[in-house]
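Understanding the architecture of this molecule
Residues per chain are reported as follows:
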Amino acid sequence: MTEFYPSDQYGFSNLLSEAELSVLGRLRTVLDEKVRPVINDYWERAEFPTEILPDLIDLNLMDPEELNGEAPSALYGGFRNFELARLDASIVTLYNAQSGLFRTTVNLGGDAEQVAEMDPKIRSFELTGVFALTEPDHGSDIARGLATTARQEANGDWIINGEKRWIGGASMVQVLATFARDEADGQVKCFLVPTDSEGLEISKMHGKTALRMMQNADITYNEVRVSDGACLRNINSFADVAACLRNMRSDVAWIATGCAAGAYEEALKYVLQREQFGRPIAGFQLIQEKLATMLANVTASLGVVVRLTQQQAEGVYKDENSALAKMFTARMLRETVALAREIMGGNGILLENNVARFHADAEAIYSYEGTDEINALVVGRAITGLSAFNR
């Protein structure tokens with residue numbers, strides 16, 4: 001049988017149903033026909049191709065018609081990110097901001113009534129949002145350092161003050177899932193803040209060398225008022241936030257794996273066509289050794305994310321497991337994109353050869369949703385029973 005992905009050497013995608021593969025096939029067609037032709041130009045201009053969003057939304061990827069109302073498998077959700085990431089890191093990051101980060105925050109952080117009301121709207125993109133946690137001065141130490149505050153007034157409304165940074169897609173959505181520390185009890189809570197709120201300022205970050213299409217934003221909250229209904233009822237501490245992050249890191253591990261696969265597949269196409277010394281460079285020993293290493297990296301990463309996702313589908317959620325997956329796949333991504341660029345020589349830095357984007361964007365993936373060092377310490381704590389984090 002022909003494998004669904006050239007980079008899926010062990011056939012992990014065969015674990016999906018035919019209906020799920022059909023959905024991913026529709027997605028691939030849209031990506032190839034609508035997105036691929038424009039992506040390099042937008043990446044160079046550091047703008048997002050918003051005209052592609054209706055086509056992606058119309059695919060109904062979170063509730064596909066092929067499944068006849070049945071919930072997609074957890075593995076399908078992973079391979080959906082893998083498919084998107086094979087084309088581009090910014091495209092998958094934006095889509096996952098809705099399908100992963102925002103939806104996870106609402107589904108884990110909201111009470112039954114809030115989830116029942118909002119999840120169908122999130123799946124259809126009737127309600128759009130992003131995850132707003134990171135701050136200008138607090139990234140890895142956000143658990144203790146989160147400085148954005150919320151105070152509740154006598155009428156039940158909340159007043160939010162503070163700043164957020166690196167919030168991808170903030171200017172393109174309706175609400176910001178904003179994490180703030182309650183002045184009354186010091187605990188972290190989450191508020192769905194409309195992006196048209198008075199006192200809210202969203203400004204695009206400039207000068208990025210990775211994820212250039214992704215519209216990351218600086219956000220300032222100046223006495224921003226939201227109703228009590230905007231507070232997600234089941235987020236009442238940073239432990240609740242950590243439960244969300246535990247899920248999100250598995251999404252990012254899939255993204256890292258997909259980007260590595262995309263870089264490998266583009267490099268393979270290139271070396272089969274590129275001739276030097278009178279023959280395709282794919283026949284050179286050193287090129288084949290690098291291709292084998294890249295394929296091994298993708299295969300090992302797929303093994304990790306597939307098994308992690310199977311465990312989570314069975315209800316096994318461990319911080320160290322998702323941290324290990326994110327750490328490992330991001331490391332493999334970094335090596336794979338470097339090798340892909342390397343075997344193309346100077347042509348590897350040209351956008352037209354479709355590896356330069358992966359090479360640059362890998363640096364952002366390596367750092368977001370937990371840096372390599374933070375994830376390593378989460379794993380180390382689980383291994384030894386001793387925390388090496390600063391106290």
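Refer to the structure above for everything that follows.
Residues numbered from 1 in each chain as written. Predicted model: local features only at pLDDT ≥ 70, side-chain atom pairs only at ≥ 80, totals over all residues. Heavy atoms only, no water.

Describing unusual backbone geometry
Most peptide bonds adopt trans geometry, and most residues besides glycine take a negative phi value. The condition is simple: Per the convention used, a helix needs a DSSP run of H or I reaching at least four residues, while a strand needs a run of E reaching at least two, with both numbered from the N terminus. Using a 1.4 Å probe on the protein chains alone, a residue whose accessible area is under 20% of its type maximum counts as buried, one over 50% counts as exposed, and one in between counts as partly exposed.
The phi dihedral of tryptophan 166 is positive, around 70°, even though this residue is not glycine. Mapped onto the fold, tryptophan 166 is located in strand S3 (residues 158-168). The exposure class assigned to tryptophan 166 is partly exposed, which follows from its relative accessible area of 46%. The backbone of asparagine 354 shows a phi angle near 65°, a positive value even though the residue is not glycine. On the secondary structure map, asparagine 354 appears in the loop between helix H9 (319-343) and helix H10 (356-367). Relative accessible area serves as the criterion here: at 15%, asparagine 354 is assigned to the buried category.

Notes on the environment of alanine 364
As a reminder, the rule being used: The contact definition used throughout considers only heavy atoms, calling two residues in contact when any of these lie within 4.5 Å.
Tracing the backbone through its elements, the reader meets alanine 364 in helix H10. When the C-alpha positions of alanine 364 and leucine 211 are compared, they lie 6.8 Å apart, and in sequence the two are 153 residues distant. Beyond its immediate chain neighbours, meaning those up to four positions away, alanine 364 contacts Ala210 and Leu211.

Focus on the pattern of salt bridges
Note the threshold: For this document, the term salt bridge refers to a Lys or Arg side-chain nitrogen within 4 Å of an Asp or Glu carboxyl oxygen.
Scanning all chains against the criterion turns up 24 salt bridges. A salt bridge links arginine 86 to glutamate 265; the nearest nitrogen and oxygen atoms lie 2.5 Å apart. Here arginine 86, found in helix H3 (residues 74-87), pairs with glutamate 265, found in helix H7 (residues 238-273); they are 179 residues apart in sequence, far enough to count as distant. For the residue pair arginine 86 and glutamate 265, the accessibility class agrees, reading buried in each case. The partner of arginine 334 in a salt bridge is glutamate 363, and the shortest N-O contact between them spans 2.9 Å. A residue pair is termed long-range when its members are at least 10 positions apart, and arginine 334 in helix H9 and glutamate 363 in helix H10 qualify at 29 residues. Here glutamate 363 falls in the partly exposed class, since its relative accessible area comes to 37%.

A short note on the nonpolar core
Inclusion rule: The definition of a nonpolar core used throughout is a set of buried Ala, Val, Leu, Ile, Met, Phe, Trp, Tyr and Cys residues joined through side-chain atoms within 4.5 Å.
Core analysis: the biggest nonpolar cluster contains 76 residues, and Phe79, Ile91 and Ile365 have the highest contact counts within it. Listed by contribution, the elements that provide at least two residues to this core are helix H1 (18-45), H3, helix H4 (89-109), H7, helix H8 (285-313), H9 and H10. Top element by residues in this core is H7. It accounts for 13 residues. For isoleucine 91, the residues in contact, after removing those within four places along its chain, are Val35, Ile39, Phe48, Ile52, Leu56, Leu84 and Met213. The next biggest cluster of nonpolar side chains, apart from the first, holds 23 residues, and it includes Leu101, Val106, Val175 and Phe238.

Brief notes about the side chain of arginine 80
Along the polypeptide, arginine 80 turns up in helix H3. For arginine 80, the residues in contact, after removing those within four places along its chain, are Leu24, Leu27, Leu61, Met62, Tyr95 and Ser99.

Examining H1
Selection rule: The span you would expect from a helix comes to 1.5 Å times its residue count less one. A residue's bend is simply the angle between two axes: one fitted to the seven residues ending at it, one to the seven starting at it.
Its 28 residues give H1 an end-to-end C-alpha distance of 38 Å, which sits within 8% of 40 Å, the value for a rise of 1.5 Å per residue. The largest bend along H1 measures about 55° and falls at valine 35, with the proline proline 37 one to four residues further on. Taken together, the buried positions of H1 are Glu20, Leu21, Val23, Leu24, Leu27, Val30, Leu31, Val35, Ile39, Asn40, Tyr42 and Trp43. On its buried side, H1 packs onto helix H2 (53-58), H3, H4 and H10. Where H1 ends, the next residue or the one after it, alanine 46, has phi of about 60°, a positive value.

Let's talk about the pairing of strand S5 (residues 188-194)
Quick reminder of the rule: At least two DSSP bridges between two strands are required for those strands to pair.
Where burial is concerned, most of S5 is hidden: 6 out of the 7 residues are buried. Where strand S4 (residues 175-182) meets S5, 7 bridges bridge the pair, whose relative direction is antiparallel. By the bridge assignment, threonine 178 is partnered in S5 with phenylalanine 191. Between S4 and S5, which pair antiparallel and follow one another directly, the connecting turn spans 5 residues, one of which, glycine 186, has a positive phi of 75°.

Points about the packing of H8 against H9
The criterion, for reference: For every element, the axis is a line fit to its C-alpha atoms; helices are fit only across the contacting stretch, and the angle between N-to-C directions ranges from 0 to 180 degrees. Oblique is the label for any angle not under 35 degrees, not over 145, and not in the 65 to 115 range, which are roughly parallel, roughly antiparallel and roughly perpendicular in turn. Two helices crossing with the near one rotated counterclockwise from the far one by less than a right angle form a left-handed crossing, whereas a clockwise rotation gives a right-handed crossing. We call Asp, Glu, Lys and Arg charged. Ala, Val, Leu, Ile, Met, Phe, Trp, Tyr, Cys and Pro are nonpolar, and the rest, Gly among them, are polar.
Remark: H8 packs on H9, axes separated minimally by 9 Å, with the N-to-C direction vectors making an angle of 160°. In terms of orientation, H8 lies roughly antiparallel with respect to H9. Helix-helix and strand crossings are classified by hand; for H8 and H9 the assignment is left-handed. Looking at the contact of H8 with H9 residue by residue, the classes come out as 13 nonpolar, 9 polar and 3 charged.

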